[in-house]
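An overview of the molecular structure
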Amino acid sequence: MIYRSPTNKKIIAFSCLAFLVSSLCMSQSLSFFVEKAREQNPELQAVQVDYSAALEKVPQVEQFVNPTLGIGMPLLAPETRLGAQILTLSAQQLFPWFGTHKAKKDVVLNQVKSKYEQITVARLNLDFEVKKAYYAIYHMNQKQALIKKNSTLLNALEKIVLEKVASGTSLASDALRIQLELETLSKEIEILEQEKKVFEAHLNAIINVSLDTPIEIDSFKLEVIKPVTNWYLLTEKVNTHPLLNQLDWQIKTSSANIYLNTLEGKPQFGLGLDYSIINPRTDALPTYNGRDILIPKLTFSIPLYRKKIRAKKQEEELKQKSFNLQKEQMRNRLLTDLKKHITTYGNALLRHELYEKKFTITQSAYRILLTAYSSEGNRFEELLALQTTLNQYELNQLDALIESHLAKIGIERITNF
């Protein structure tokens, strides 16, 4: 009989689960951070709550003003034919001019739609900040990887140099120079590690977690991308940017306020009822002795003072002029930023291609010199200089690649919403 330990099964299951969890923890993609930021970022949540609060204004403006109730007791009771008036009750409800409630609702709804555009703007800005921090961390990681790769090549070169020193065909100073270069590269890696912590803290702050939470981004090869750079298509997208839409809704709000102001300049009317309690007479018995008094009332407010109405209309017209100027300025700013990002992308792509060609040619020269040095032991300074140049070309190529992606997310911030 074969005994199967349940404990071993549990250990295997736990190990598999731990592996999956660790894999998820180690693999933090850009989309992961974007999603986390949208869920947890306090600034975005504040804008969303502000929008929800604005929605609550809609039912407020649809209500009538509170009715007025009154009670009066005459100190000197007036006598009527049917008796003395001892108590008066009154009630009144005011009504605005026809369509005023709908006009108020239109004003509030336009304000709410403007708030909604703020959510889209906040989300665009948030996505941009997340991607920028993410690419900065990726940039640091790749720089460290390139420097470590260069250190490995220098270590291999050092072994060749030491063999040449031992055989007397090279100077010991050559090995010392390599060791000095290796120490420099080691310090550069440490400096990059410290700089990376700043971007990691910034990214953690965006997703609203502890600033010292470890971040392990995906280790992937960033490819050259080609975003849409057709100026006509992009400018058409700019014309519908949420920032411009927000100003459009503010203009519409101002127009709705002008219409509401016109309605509020119309008369208001009210319906009311007065009820007086009569004390019956005891000195006579007239017909309907002691009958109470019921008086329906219809009231009007006459808007004689028009200065406030005219000033309000002038205020809103000036607001509309201001919003239109702001919209023109905002559109110009967006188009300027778009042109800058497109130019930056193009330049970055050219630099990437240039350094790729330089690296290929220099690498061929380096191999020729390395072969010559291995056999003859001369021209070491040129060999070391070429090794440093190769590393610098790879770093420059990486810088250009990152710059092209930053330009891409800049373009998306303006056109992808």
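Bear in mind that the values here come from a model prediction, so they are computed numbers and not experimental data.

So, about the overall build of the protein. When helices and strands are tallied, the protein shows 10 helices and 5 strands. In terms of C-alpha radius of gyration, the protein reaches 40 Å, well past the compact-globule figure of 22 Å for 417 residues. Taken over the C-alpha atoms alone, the protein extends approximately 145 × 75 × 40 Å along its principal axes. Looking at the 417 residues of the protein, the share that counts as buried comes to 36%. Here the analysis covers contacts within the protein between residues at least 6 apart in sequence; of these, 84% occur between residues at least 24 apart. Considering the protein, the positive charge centre built from 52 side chains and the negative charge centre built from 45 side chains are found 8 Å apart.

Another point: the nonpolar core. Core analysis: the biggest nonpolar cluster contains 28 residues, and Phe33, Val130, Leu203 and Ile217 have the highest contact counts within it. Among the secondary structure elements, those contributing two or more residues to this core are helix H2 (30-40), helix H3 (42-55), helix H5 (100-167), helix H6 (172-206) and helix H10 (380-415). In terms of residue count, H5 provides more of this core than any other element does, 11 residues in total. Among all residues touching Val130, those that are not within four sequence positions of it are Leu30, Phe33, Val34, Ala37, Leu203 and Ile206.

Counted according to the given criterion, the structure contains 12 aromatic pairs. A ring pair is formed by Phe33 and Tyr134, whose centres lie 5.8 Å apart and whose planes are at 55°; its orientation type is tilted. Taken together, the positions of Phe33 in helix H2 and Tyr134 in helix H5 put the pair 101 residues apart, joining distant regions of the chain. In terms of burial, Phe33 and Tyr134 fall into one category: buried. Their ring planes at 65° and their centres at 5.6 Å tell us that Trp97 and Phe98 sit as a pair that is edge-to-face. The exposure class assigned to Trp97 is partly exposed, which follows from its relative accessible area of 30%. Taken together, the ring pairs connect Phe64, Phe95, Trp97, Phe98, Phe269 and Phe300 into an aromatic cluster. The ring of Trp231 has Lys339 lying over it, and the distance from NZ or CZ to the ring centre is 4.2 Å. Of note, Arg413 hangs over the ring of Phe128, and the distance from its end group to the ring centre comes to 4.3 Å.

The next thing to look at is the pattern of salt bridges. The final tally for this structure, using the stated rule, is 19 salt bridges. Asp50 serves as the salt-bridge partner of Lys115, at 2.8 Å between the closest nitrogen and oxygen. Of this pair, Lys115 sits in helix H5 while Asp50 sits in helix H3; the two residues are 65 residues apart in sequence, bridging distant segments of the chain. Its relative accessible area of 32% is what places Asp50 among the partly exposed residues. Here Glu381 and Arg177 are joined by a salt bridge, their closest N and O atoms 3.5 Å apart. Taken together, the residues Glu381 in helix H10 and Arg177 in helix H6 connect sequence positions 204 residues apart. Shared partners join several salt bridges into a network, and the residues in it are Lys312, Glu315, Glu316 and Lys319.

Along the chain, His139 falls in helix H5. With residues near it in sequence (within four places) discarded, His139 still touches Leu398, Asp399 and Ile402.

On the surface, a cluster of nonpolar side chains totalling about 790 Å² of accessible area is made up of Leu271, Leu298, Phe300, Ile302, Leu304 and Tyr305. Looking at the secondary structure, you find Phe300 in strand E5 (residues 293-301).

A word on a positive patch on the surface. Residues Lys266, Arg306, Lys307 and Arg310 make up a contiguous surface patch of positive charge. Residue classification places Lys266 among the partly exposed residues on the basis of a relative accessible area of 36%.

Take the packing of H5 against helix H9 (residues 307-376) next. The geometry of H5 relative to H9 is characterised by a closest axis approach of 9 Å and an angle of 25° between their N-to-C directions. On the basis of the axis angle, H5 is roughly parallel to H9. The interaxial crossing formed by H5 with H9 has left-handed handedness. Here H5 contributes Leu157, Ile160, Val161 and Lys164 to the contact with H9, which in turn contributes Tyr366, Leu370, Tyr373, Ser374, Ser375 and Glu376. Within the contact of H5 with H9, the residues separate by chemical class into 6 nonpolar, 2 polar and 2 charged.

What follows concerns the pairing of strand E4 (residues 268-280). In terms of strand pairing, strand E3 (residues 83-95) meets E4 through 12 bridges, oriented antiparallel. Bridge assignment links Leu94 to a residue of E4, and that residue is Gly270. Taken together, the 9 bridges between E4 and E5 define a ladder with antiparallel strand orientation. From the neighbouring strand, Gly272 faces E5, where its bridge partner is Lys297.

To continue, consider the confidence of the model for the protein. Across the protein, the average pLDDT comes to 90, with 93% of residues at 70 or higher. For the stretch residues 1-25, pLDDT sits under 50, and the model shows 1 contact to residues farther than four places along the chain or on other chains.

Time to look at the environment of Gln142. Assignment of secondary structure puts Gln142 in helix H5. Gln142 gets classed as partly exposed once you look at its relative accessible area, which sits at 25%. Between the alpha carbons of Gln142 and Lys221 there is a distance of 9.3 Å; along the sequence they are 79 residues apart. Among residues more than four places away in sequence, those in contact with Gln142 are Phe220 and Leu398.

Quick look at unusual backbone geometry now. The backbone of Asn208 sits at a positive phi, close to 60°, despite the residue not being glycine. Secondary-structure assignment places Asn208 in the loop between H6 and helix H7 (231-238). The partly exposed category is assigned to Asn208, whose relative accessible area is 44%. Despite not being glycine, Tyr288 has its phi angle at roughly 60°, a positive value. As for its placement among the helices and strands, Tyr288 is situated in the loop between E4 and E5.

What counts and what doesn't
- Residues numbered from 1 in each chain as written.
- Predicted model: local features only at pLDDT ≥ 70, side-chain atom pairs only at ≥ 80, totals over all residues.
- Heavy atoms only, no water.
- Helix = DSSP H or I, 4+ residues; strand = E, 2+ residues; numbered from the N terminus.
- Rg over C-alpha atoms; globule rule 2.2 N^0.38 Å.
- Buried < 20%, exposed > 50% of the residue type's maximum accessible area, 1.4 Å probe, protein only.
- Contact = heavy atoms within 4.5 Å.
- Lys, Arg positive; Asp, Glu negative; His and termini not counted.
- Charge placed at Lys NZ, Arg CZ, Asp CG, Glu CD.
- Core = buried A, V, L, I, M, F, W, Y, C linked by side-chain atoms within 4.5 Å.
- Phe/Tyr/Trp six-rings, centres within 6.5 Å; stacked < 30°, edge-to-face > 60°.
- Lys NZ or Arg CZ within 6 Å of the ring centre and 35° of its normal.
- Salt bridge = Lys/Arg side-chain N within 4 Å of Asp/Glu carboxyl O.
- Patch = residues over 30% accessible without salt bridge, like charges linked within 9 Å, V, L, I, M, F, W, Y side chains within 5 Å.
- Areas by Shrake-Rupley, 256 points an atom, 1.4 Å probe, with all protein chains shown as cover.
- Axes fitted to C-alpha atoms, helices over the stretch in contact; angles between N-to-C directions.
- Parallel < 35°, antiparallel > 145°, perpendicular 65-115°, else oblique.
- Left-handed = near helix turned anticlockwise from the far one by under 90°.
- Nonpolar A, V, L, I, M, F, W, Y, C, P; charged D, E, K, R; others polar.
- Pairing = 2+ DSSP bridges.
- pLDDT = per-residue confidence, 0-100.

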